Amino acid sequence: MPAMGLQQFEQRLERLVEGAFAKAFRGELQPVELGRRLTREMDLQRAVTARGIVAPNSFTVLLSKDDFERFGGLVDVLARELVDAAREHARAESYIFVGPVRVVIDRDEELSRSTFMVGSDVVEGDDDPPGWILLPDGRKVVVEDYPISIGRLPECDIPLSDANASRRHAEIRRDGADVYIVDLDSTNGTRVNGTPVREHRLAHGDVITVGITTFRFESS
């Protein structure tokens, strides 16, 4: 992961838990070390296929008993952040996933404090995605189980260079076979086919407007 990506990862963790990680782990294992190791695992296990460069999408992170207990109730938060780190790294390196990104954090009684292990695998999704978002440059972002964030922040899944978009403007969310666009209290609002929406179930061909940028939803 590029240095800027690691810095953003660390900053997001600090914002989410209001410094709890920093206090719990001063002088100990730091969450950013897990992010660095996970993205290195993606680089080591990537494979060139007819689809493109496929990277692992299923990860198991093993911590020592002491470190696992030190994380406490923050384990789920960290797992979600590691999922985001994997997705950001894949976007930066043009890797593709063949299924949803998942991170499981567990403990291993044999590991000593501040040591950890990261294992990975390529696991195909159980079903076909309900569709994708067609970007202005022709690229497609497949709708999977996790929300797809849209906004000016670089860590958004669809980052925008659009002064009329908010930093975190909207999200694409999947609910079974249905796909929704959800406005995140943006300054200028989100529109579907020209109509302002707060939350809207998307249909094939719907045109989403965020700021002055437009996308098209296409169903599978």
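Residues numbered from 1 in each chain as written. Predicted model: local features only at pLDDT ≥ 70, side-chain atom pairs only at ≥ 80, totals over all residues. Heavy atoms only, no water.

Description of the pattern of salt bridges
Oppositely charged side chains can pair when the atoms bearing their charge come close.
Piece 1. Counted by the stated rule, this structure contains 15 salt bridges.
Piece 2. The salt bridge partner of Asp 84 is Arg 87, with a shortest N-O separation of 3.0 Å. In this pair, Asp 84 and Arg 87 are both assigned in helix 5 (residues 75-93), three residues apart and thus about one turn of the helix distant.
Piece 3. Each of Lys 65, Glu 69, Arg 107 and Glu 109 takes part in salt bridges that share partners, so that together they form one network. (Salt bridge = Lys/Arg side-chain N within 4 Å of Asp/Glu carboxyl O. Helix = DSSP H or I, 4+ residues; strand = E, 2+ residues; numbered from the N terminus.)

A few points about unusual backbone geometry
Piece 1. Unlike most non-glycine residues, Ser 114 shows phi in positive territory, near 70°.
Piece 2. Note that Ser 114 resides in the loop between strand 5 (102-107) and strand 6 (116-121).
Piece 3. We classify Ser 114 as partly exposed; its relative accessible area is 31%. (Buried < 20%, exposed > 50% of the residue type's maximum accessible area, 1.4 Å probe, protein only.)

Overview of the sheet that holds strand 3 (residues 58-63)
Piece 1. The mixed open sheet is built from three strands, whose spatial order is 5-3-6. Edge strands, defined here as strands with exactly one partner in the open sheet, are strand 5 and strand 6. Recorded for the sheet is a direction-independent mean angle of 15° between the axes of neighbouring strands.
Piece 2. Where strand 3 lies against strand 6, six bridges are found, and the strand directions are antiparallel. Bridging across to strand 6, Leu 62 finds its partner in Met 117.
Piece 3. Taken strand by strand, helix 3 (residues 31-45) contacts strand 3, strand 5 and strand 6, and its axis lies near 35° from that of strand 6.
Piece 4. Those strands touched by helix 5 are strand 3 and strand 5, and its axis lies near 140° from that of strand 5. (Pairing = 2+ DSSP bridges. Axes fitted to C-alpha atoms, helices over the stretch in contact; angles between N-to-C directions. Contact = heavy atoms within 4.5 Å.)

Observations concerning the sheet that holds strand 2 (residues 53-54)
Piece 1. Strands sit in the order 1-2-4 across an open sheet of three strands; the sheet is mixed. Strand pairing shows two members of the sheet lacking a second neighbour, strand 1 (47-48) and strand 4 (95-96), which therefore form its edges.

Describing the pairing of strand 16 (residues 207-210)
Piece 1. Pairing geometry for strand 13 (residues 190-192) and strand 16, over three bridges, is antiparallel. Within strand 16, the position partnered with Val 192 by the bridge is Ile 208.
Piece 2. Inspection of the sheet shows strand 16 paired to strand 17 (residues 213-219) by four bridges, in the antiparallel sense. Within the sheet, the bridge partner assigned to Val 210 lies in strand 17 and is Thr 213.
Piece 3. In sequence, strand 16 turns back onto strand 17 through a hairpin of two residues, with Gly 211 there showing a positive phi of about 65°.

So, the environment of Trp 132
Piece 1. With respect to the helices and strands, the residue Trp 132 is situated in strand 7 (residues 131-134).
Piece 2. The sequence separation of Trp 132 and Ser 219 amounts to 87 residues, and the corresponding C-alpha distance is 6.5 Å.
Piece 3. Engagement of the side chain of Trp 132 in a polar contact is seen with the side chain of Glu 218, the distance being 2.7 Å. (Polar contact = N/O pair within 3.5 Å; in protein donor to acceptor, adjacent residues only side chain to side chain.)

Side note on the environment of Glu 33
Piece 1. Among the secondary structure elements, Glu 33 is positioned in helix 3.
Piece 2. Placed 83 residues apart in sequence, Glu 33 and Phe 116 show a C-alpha to C-alpha distance of 9.7 Å.

What to know about helix 5
Piece 1. Between its first and last C-alpha, helix 5 extends 27 Å over 19 residues, near the 27 Å set by a 1.5 Å rise per residue.
Piece 2. Looking one or two places after helix 5, you find Ser 94, whose phi comes out positive at around 60°. (Expected span 1.5 Å × (residues − 1).)

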